[in-house]
Amino acid sequence: MTQRKFPDAYMKLGHIFERVTGIIDGYLPDEMAIEAPFFGKNVQSMLKLGRAQGTAIAAAIHHGVPIHEYAPMKIKMALTGTGAASKEQVAGMLQRLLKIPNEEMSKFMDATDALAAAYCHYLQMGRPESEVKYRGWKDFVNKNPGKVKK
């Protein structure tokens, strides 16, 4: 089980660097996608998030992994067709798209957010079989009626 409590913020940042480095060493990713910080009301939370993201980015840079950043609304739009989707809606869409069984879904929304950023990047890079660009799910359905179950 991953430790989620640390005696101080700097030890937590060190842990983030080690975990991201371990993931990069273990999976050898070609690229990294992250969610851009959003502006919240709590300045301390924003500062902590910025430090954590900077640490993860530093680990990727240290390994020569290119980084791509996406706004939360862009990620939601890419996955659900609406930028106002809830975290639960995004998680549900990921589960359907990637055929993830209920028992394998993470209970932590941070993990779902990370997977959503990665899948958004996958879509933005034109990796699906087609080079056709879609403006959302309605556009996809209109251009691919044979792929839709009725």
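See the structure above.
What you are looking at is a predicted structure, and each value in this text was computed from that prediction instead of being measured.

## Looking at the environment of alanine 33
Within the fold, alanine 33 resides in strand β1 (residues 32-35). Taking the C-alpha atoms as reference, alanine 33 lies 4.7 Å from histidine 68; in sequence the two are 35 residues apart.

## Some remarks on the side chain of glutamine 95
Locating glutamine 95 in the fold gives a position in helix α4 (residues 87-97). Apart from residues no more than four positions distant in its own chain, glutamine 95 is found in contact with Ile100, Pro101, Asn102 and Met105.

## Side note on the pattern of salt bridges
In the structure shown here, the tally under the stated rule is one salt bridge. Residue lysine 87 pairs with aspartate 113 through a salt bridge whose shortest N-O separation is 2.5 Å. Residue lysine 87 is located in helix α4, and its partner aspartate 113 is located in helix α5 (residues 109-124); the two are separated by 26 residues in the primary sequence. A relative accessible area of 17% means that aspartate 113 is categorised as buried.

## Things to note about the packing of helix α3 (residues 72-80) against α5
Contact pair α3 / α5: the axes reach a minimum separation of 9 Å and the direction vectors enclose 70°. Classed by the angle they form, the pair α3 and α5 counts as roughly perpendicular. Packed against α3, whose contacting residues are Lys74, Ile75, Ala78 and Leu79, the element α5 presents Ala116, Ala117, Tyr119, Cys120, Leu123 and Gln124 at the interface. Counted by class, the contact of α3 with α5 contains eight nonpolar, one polar and one charged residues.

Reading the values: rules and limits
- Residues numbered from 1 in each chain as written.
- Predicted model: local features only at pLDDT ≥ 70, side-chain atom pairs only at ≥ 80, totals over all residues.
- Heavy atoms only, no water.
- Helix = DSSP H or I, 4+ residues; strand = E, 2+ residues; numbered from the N terminus.
- Contact = heavy atoms within 4.5 Å.
- Salt bridge = Lys/Arg side-chain N within 4 Å of Asp/Glu carboxyl O.
- Buried < 20%, exposed > 50% of the residue type's maximum accessible area, 1.4 Å probe, protein only.
- Axes fitted to C-alpha atoms, helices over the stretch in contact; angles between N-to-C directions.
- Parallel < 35°, antiparallel > 145°, perpendicular 65-115°, else oblique.
- Nonpolar A, V, L, I, M, F, W, Y, C, P; charged D, E, K, R; others polar.

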